[in-house]
Amino acid sequence: MIDNDTAWAAVMRRDRTYDGHFVTGVLTTGIYCRPSCAARHPARENVRFFRDGTEARAVGLRGCKRCLPDDVTRDQKAVAQARALLEGDDPPALAELATAVGYAPQHFARIFRRAEGMTPACFLRSLRLARAQAAMTGGASVTDALYDAGYATSSRFYADSAAIGMTPSA
Ligand SMILES: [Zn+2]
């Protein structure tokens, strides 16, 4: 368990990297939150920190409906699973990604973006570009590199390159 000052500083910053490391119990409202909860910050004297939701519930607190603190582990697992799928040899269509990890598409897009700082589509795009670049650096022909990187058509690659401000010749 991290110390109270570090925990409180993380709450004040709404630091997402601490989500899943502890929960913030608010004694006056009877709820507990993940550190990054977007709700207005409680007064410090009303706050107690708990290792997880189980500890917070043991003293009678309820999980916040806004930040869903008990979903952190499940969310993190789903994002890791989605990354693995996207990084695999046969990534699912983006429309099927959320379903593949057990989430509704809109909800999962938000979770993924929060965790990775980009949408699944951007993630896949940067992954493909990095692969194509690596293949070309390794001496493969442009055509071979594109297909190996998972581009069905070269126009798709040109569109991705343009999206990151790179010309195909570059
Ligand atoms: Zn909350």
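Above this note sits the structure.
Definitions and cut-offs
Residues numbered from 1 in each chain as written. Predicted model: local features only at pLDDT ≥ 70, side-chain atom pairs only at ≥ 80, totals over all residues. Heavy atoms only, no water. Helix = DSSP H or I, 4+ residues; strand = E, 2+ residues; numbered from the N terminus. Rg over C-alpha atoms; globule rule 2.2 N^0.38 Å. Contact = heavy atoms within 4.5 Å. Areas by Shrake-Rupley, 256 points an atom, 1.4 Å probe, with all protein chains shown as cover. Lys, Arg positive; Asp, Glu negative; His and termini not counted. Charge placed at Lys NZ, Arg CZ, Asp CG, Glu CD. Buried < 20%, exposed > 50% of the residue type's maximum accessible area, 1.4 Å probe, protein only. Pairing = 2+ DSSP bridges. Phe/Tyr/Trp six-rings, centres within 6.5 Å; stacked < 30°, edge-to-face > 60°. Lys NZ or Arg CZ within 6 Å of the ring centre and 35° of its normal. Donors = N, O, S within 2.8 Å, 3.2 Å for Na, K, Ca; no water. Tetrahedral: all angles 85-135°; square planar, octahedral: opposite > 155°, others 65-115°. Expected span 1.5 Å × (residues − 1). Arc of directions from axis to C-beta.

Peer 1: Can you walk me through the overall build of the protein chain in this structure?
Peer 2: Secondary structure summary: the protein chain contains eight helices and four strands in total. Counting helices and strands in the order they occur from the N terminus, the protein chain gives α-β-β-β-α-β-α-α-α-α-α-α. Here the protein chain has a C-alpha radius of gyration of 21 Å; the compact-globule value for 170 residues is 15 Å, and the former is much larger. Across the protein chain, contacts joining residues at least 24 apart in sequence account for 56% of those joining residues at least 6 apart. Here the protein chain has roughly 10,000 Å² of accessible surface; of this, 52% comes from carbon and sulfur atoms. On the protein chain, the mean spot of the 22 positive side-chain charges and the mean spot of the 18 negative ones are 8 Å from each other.

Peer 1: Whenever I open this one, the pairing of strand 1 (residues 23-26) confuses me. Can you help?
Peer 2: Consecutive residues of a regular strand have side chains that alternate between opposite faces of the sheet. Both faces of strand 1 are covered, namely the face carrying Val23 and Gly25 and the face carrying Thr24 and Val26. In the sheet, strand 1 pairs with strand 3 (residues 47-50) via four bridges, with the strands oriented antiparallel. Residue Val26 lies in a different strand from strand 3, and its bridge partner there is Val47. Bridging between strand 1 and strand 2 (residues 31-33) involves three bridges; their strand directions are antiparallel. The partner of Thr24 across the bridge, within strand 2, is Cys33. Counting the residues in the hairpin turn of strand 1 and strand 2 gives four residues, including Gly30, whose phi is positive at 75°.

Peer 1: Help me understand the packing of aromatic side chains, please; the structure alone is not making it clear to me.
Peer 2: Aromatic rings in a pair are described by how distant their centres are and how their planes are angled relative to each other. Considering all chains together, one arrives at seven aromatic pairs under this definition. With 5.4 Å between their ring centres and 90° between their planes, Phe22 and Phe49 make a pair best called edge-to-face. You can see Phe22 sitting in the loop between helix 1 (4-13) and strand 1 and its partner Phe49 sitting in strand 3, a full 27 residues away along the chain. Consider the rings of Phe157 and Tyr158, whose centres lie 5.6 Å apart with planes at 55°: the pair is tilted. Among the aromatic side chains, those forming a connected cluster through ring pairs are Tyr103, Phe108, Phe112 and Phe123. Over the ring of Tyr103 we find Arg74, and its NZ or CZ is 4.3 Å from the ring centre.

Peer 1: Please clarify how the coordination of the zinc ion should be interpreted in this entry.
Peer 2: Only Cys33 (SG), Cys37 (SG), Cys64 (SG) and Cys67 (SG) from the protein reach the zinc ion as donors, at distances of 2.3 to 2.4 Å. Viewed at the metal, the four donor atoms of the zinc ion are separated by angles of 104 to 124°, and the geometry they form is tetrahedral. Along the chain, the residues that donate to the zinc ion are spaced as C-x3-C-x26-C-x2-C. On the criterion of sequence distance, the pair formed by Cys37 in the loop between strand 2 and strand 3 and Cys64 in the loop between strand 4 (62-63) and helix 3 (72-87) is long-range, its members being 27 residues apart. For Cys37, a relative accessible area of 5% corresponds to the buried category.

Peer 1: How do you make sense of helix 5 (residues 105-116) when you look at a structure like this?
Peer 2: Under the 1.5 Å per step criterion, the end-to-end length of helix 5 is 16 Å for twelve residues, consistent within 8% with the ideal 16 Å. Three or more residues of helix 5 are buried, namely Phe108, Ile111 and Phe112. When helix 5 is viewed along its axis, its buried side chains cluster within an angular range of 95° and face the same direction. For helix 5, the exposed residues lying more than 90 degrees away from the buried face are Gln106, Arg110 and Arg113. As for helix 5, its buried residues are in contact with helix 3, helix 4 (94-100) and helix 6 (120-137).

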